[in-house]
Amino acid sequence: MALLELKNLVKDFGGLRAVNDITLHVKKGEIFGLIGPNGAGKTTIFNCMNSYYPITSGDILFKGKSIKGLKTYKICHLGIARTFQIVKPLARMTVLENVTAAAFCRIKKIKDAKEEAHKVLEFCNLTSEKDKLAKSLPIGGRKRLEIARTLATKPELLLLDETAAGLNPTELDEAIDLIIKIKDSGITILIIEHIMKVIMSISDRIHAINFGETIAEGTPREVAANPAVIEAYLGDDYA
Amino acid sequence: MNKKNGILVVLGIILLVFPLVVHSDYYQHLIIIAFIWVIIGSSWNLLAGYTGQVSFGHAIFFGIGAYTAGILAMKLGISAWWGMMFGGITAMLIGLFVGWVCFRLRGPYFALATLAGGEIFRLIATNWEALTEGMVGILIMQTFRSKLPYYYIGLALAASCIYVVHLTMKTKWGYYFVSIREDQDAAASLGINIVLYKNISLLISSFFTGMAGAFYMNYMGFIDPEVVFSLHFVSIMAILVGIVGGVATIWGPAVGAFVMVGLQETFRSAFFGLAPKWVSQGHALVFGLLVIFVIMFFANGIVGDWEKIKKIFFKTRETT
Ligand SMILES: Nc1ncnc2c1ncn2[C@@H]1O[C@H](COP(=O)(O)OP(=O)(O)OP(=O)(O)O)[C@@H](O)[C@H]1O
Ligand SMILES: [Mg+2]
C-alpha cells in the first residue's frame, strides 16, 4: 500500500484549472520528486494536500484513508508536514521557540518539547542560531528553520517545497545532505524542486507536470529522457 | 533578573501600604480605577498583543460583567461578590459567542467586527429596558463605605490577572498564541488548532475583563450603557493602555494603565485646576496625539522600548 495516494486530483481557481486530474503514489521510505515549470501547479498540489485549499474533485489518501476535507492542523497530527516555498518564519519568536511550538504537536510537557526542539536544531545544524529571532536569519537559515519545524512535528511524510531555491552552492550541498539524512531517519519525502542537480541526484522517482497535468513519471533517468519533459521543462538545458 | 524581582517587591510593598499612608479618598480612588485598567489592559493584551487578535470591542465584556453583577444584585438580591464571579463567567460565555462570529474574519476585519459588536451590545443594553433599566442605569448599594476594601480587592484582582497572563504565556498555550499572531497559516500547518486557541485566548481575556466590569459595578454603585459599553472610554482606552504601556509585554498594560489614568485625570481636572477649564475638553485630542507619538517613536510602548527610553534619558543628561 502506498503511503500517499492522489487520485484524479483537480483544483480550480475560478475559471483556471491549476491541477488537472493528477494521480500519483508515494511509497514509504522513498524520496519522490515533483517537477514542472513555473506555474505548473506544484505548490497548489501541496496546498490541497494539507487542506490550505479545499480540493475541487478527486481524493487524497494517506495510509489508505481519505484526508479530504480535514482541517490543516489535523493533517499535521496525522503525520504529514510541509514547508512553504515562500518561507513563513514565526518572525518575532526565536528559532528555538519556533521549533518548540511545533514540537507540542506530539509532546505535552514544555520541558520535553524544548528538549525535542534542541535535538531537532542539532540535527538541522541550527543550534548556534537558536536564540536569534527567526526574522534575523538569512534565507539559508530560514529554509533550514522551515525544515526543523516540520521535523519537530515528527511527520511520516514530509512535503518540501523548493527548499533549495535561493541557496548558494555550499548551502545547496548542506541542504542535500540534510534531506538525505531525513530520509535515512525513516521519513518519506515528497519534494518540489527546480534545481536539477538536487532533484536528479536525490529522488528515487520523479513525477513531472505541466499546466496542471501529468506529463511523465519514472526514475530520474527516464524522466530526464522523456521528450515531453524535455520540451516542457528542461528545454534549454537538456535539448 | 534579581534587580527586576527587587523592583517588583518594592513596588508591591508601596502599593500595599499606600492607602495606609495616603488617606485621601481622591488618590485611593484614582489607584482603584488604575487597577481596573490594569485588568482590562492585561486581558486585552493577551488577546491582541500576544495572540494578535486586535479587539476594538472589549467594552462588550466589561459591560456584560458590570451588568451581570448589577442585575443580580438589584433584581435578585444576590451579593455583589457572587456577582463578580458570575460577571466573569457571563462575559466568558458572551466571549464564546463573539469568537464564534468574529473569528471567521482575520486582521483588520476581525477588529472591525469587534468594534461593531461593541456598539450592538451598547444598543441592546440601552434598549432592553426590562432587563437593564436602559439609560436610567443601575444603582446598587455599595458593600463598603470605606475605599480600603475596594483598594485591596482591586489590587488582588489586578495582580492575579497579571500572574495568570504570565503563567499562561509560559505554557504550550502561550507558544500557540504567539505562533498564531506571527503567522496563522504556518501555525495551522504545525498542528495548531488556530480556531480553538484563539477562542481560549478570548475566553481568558473576556473572563478577566468581565470581572473588572463587575468590580467596577460594585465599587461605583452605578452604571449605565454609555459608561460601561462605551467605545471611547472602554474599548479604545483598553487599546491605548496596551499600546502606551507596551503590547505583548507582561508589565506593559500595568504601566499603561497608570500612565493613562494619570493623564486622563490630569486633563479631566484641567491640570488640577491650574489650567483654564476648556483644557478638560482636549483630552481626546491629546490621547490621539499620544498614540501617534508612541507609535512613531516607541512602537513597543514604554515597557517594550524601555532600553531605548533609558538611553535617550541618559544621553540628554550627559550632554547637559
Ligand atoms: N490562490 C490562488 N488563486 C488563483 N490562482 C492561483 C492561486 N494559487 C495558484 N494559482 C495559480 O495556479 C497555477 C499554479 O500555481 P502554483 O503556485 O501551484 O505553481 P507552481 O508549480 O508551484 O509554480 P512555481 O514553480 O512558480 O512555484 C498558477 O497559474 C497560479 O497563478
Ligand atoms: Mg510553487
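Further up the page is the structure itself.
Described in the following lines is the structure provided in the data block. (Residues numbered from 1 in each chain as written. Chains lettered and ligands numbered in written order. Predicted model: local features only at pLDDT ≥ 70, side-chain atom pairs only at ≥ 80, totals over all residues. Heavy atoms only, no water.)

### What about the side chain of B:Thr168?
Residue and element names in this part refer to chain B. One can find Thr-168 in helix α7 (residues 148-170). Judged by its relative accessible area of 9%, Thr-168 is buried. Not counting residues up to four positions away in its chain, the partners in contact with Thr-168 are Trp-173, Gly-174, Phe-177 and Ile-204. (Helix = DSSP H or I, 4+ residues; strand = E, 2+ residues; numbered from the N terminus. Buried < 20%, exposed > 50% of the residue type's maximum accessible area, 1.4 Å probe, protein only. Contact = heavy atoms within 4.5 Å.)

### Looking at the coordination of the magnesium ion (ligand 2)
At the metal site, the magnesium ion (ligand 2) is ligated by A:Thr43 (OG1) and A:Gln85 (OE1), and these contacts range over 1.9 to 2.1 Å. Of this pair, A:Thr43 sits in helix α1 (residues 42-49) while A:Gln85 is found in the loop between β6 (80-82) and α3 (95-103), placing the two residues 42 residues apart along the sequence. (Donors = N, O, S within 2.8 Å, 3.2 Å for Na, K, Ca; no water.)

### Notes on the interface of chain A and chain B
Taken together, the contacts link 24 residues of chain A with 18 residues of chain B. Taken over both partners, the interface formed by chain A and chain B buries close to 1,800 Å², and the fraction arising from carbon and sulfur atoms is 64%. Linking chain A with chain B are 2 salt bridges. Run the count over chain A and chain B and you get 5 residue pairs in polar contact (both at pLDDT 80 or more). Counting only elements with at least two residues in the side of chain A that touches chain B, the list comes to α2 (72-78), α3, α4 (110-123) and α5 (139-152) of chain A. In terms of residue class, the side of chain A that touches chain B is built from 12 nonpolar, 6 polar and 6 charged. (Buried area = accessible area lost by both parts, 1.4 Å probe. Salt bridge = Lys/Arg side-chain N within 4 Å of Asp/Glu carboxyl O. Polar contact = N/O pair within 3.5 Å; in protein donor to acceptor, adjacent residues only side chain to side chain. Nonpolar A, V, L, I, M, F, W, Y, C, P; charged D, E, K, R; others polar.)

### Notes on the sheet that holds β6(A)
Residue and element names in this part refer to chain A. Across the sheet, 6 strands lie side by side as β6-β7-β8-β3-β9-β10; this open sheet has mixed pairing. Two strands in the sheet have a free side with no partner beyond their single neighbour: β6 and β10 (213-218). Neighbour-to-neighbour, the strand axes of the sheet open up by a mean angle of 15°, direction not taken into account. Pairing between strand β3 (residues 31-35) and strand β8 (residues 188-192): 4 bridges, direction parallel. Its bridge partner lying in β8, Leu-34 is registered against Ile-192. Contacts from α1 reach β3, β6, β7 (157-161), β8 and β9 (205-210) within the one sheet, and its direction differs from that of β7 by about 145°. Along the sheet, helix α6 (residues 169-184) makes contact with β3, β7 and β8, crossing β8 at roughly 150°. (Pairing = 2+ DSSP bridges. Axes fitted to C-alpha atoms, helices over the stretch in contact; angles between N-to-C directions.)

### Regarding the site of ligand 1
All names here are of chain A. The full set close to ligand 1 counts 14 residues, and Lys-42, Thr-43, Thr-44, Gln-85 and His-194 are the nearest of them. Taken by itself ligand 1 offers 640 Å² of open surface, and the protein chains cover 65% of this. At the level of secondary structure, the elements contributing two or more residues to the shell around ligand 1 comprise β2 (16-26) and α1. Of the residues in the shell around ligand 1, the class split is 5 nonpolar, 7 polar and 2 charged. (Near = heavy atom within 4 Å. Areas by Shrake-Rupley, 256 points an atom, 1.4 Å probe, with all protein chains shown as cover.)

### Brief notes about helix α2 (residues 25-50) of chain B
All names here are of chain B. In a regular helix each residue adds 1.5 Å, so 26 residues correspond to 38 Å; α2 covers 36 Å between its end C-alpha atoms and thus fits that length. For α2, the principal kink sits at Trp-44 and spans about 30°. Summarising burial for α2: 22 of the 26 residues are buried, a large majority. Residue Ser-24 occupies the N-cap position of α2, its side-chain oxygen lying 3.2 Å from the main-chain nitrogen of Tyr-26. Directly beyond the C-terminal end of α2, a positive phi value near 80° is found at Gly-52. (Expected span 1.5 Å × (residues − 1). Bend = angle between axes of the 7 residues up to and from the residue.)

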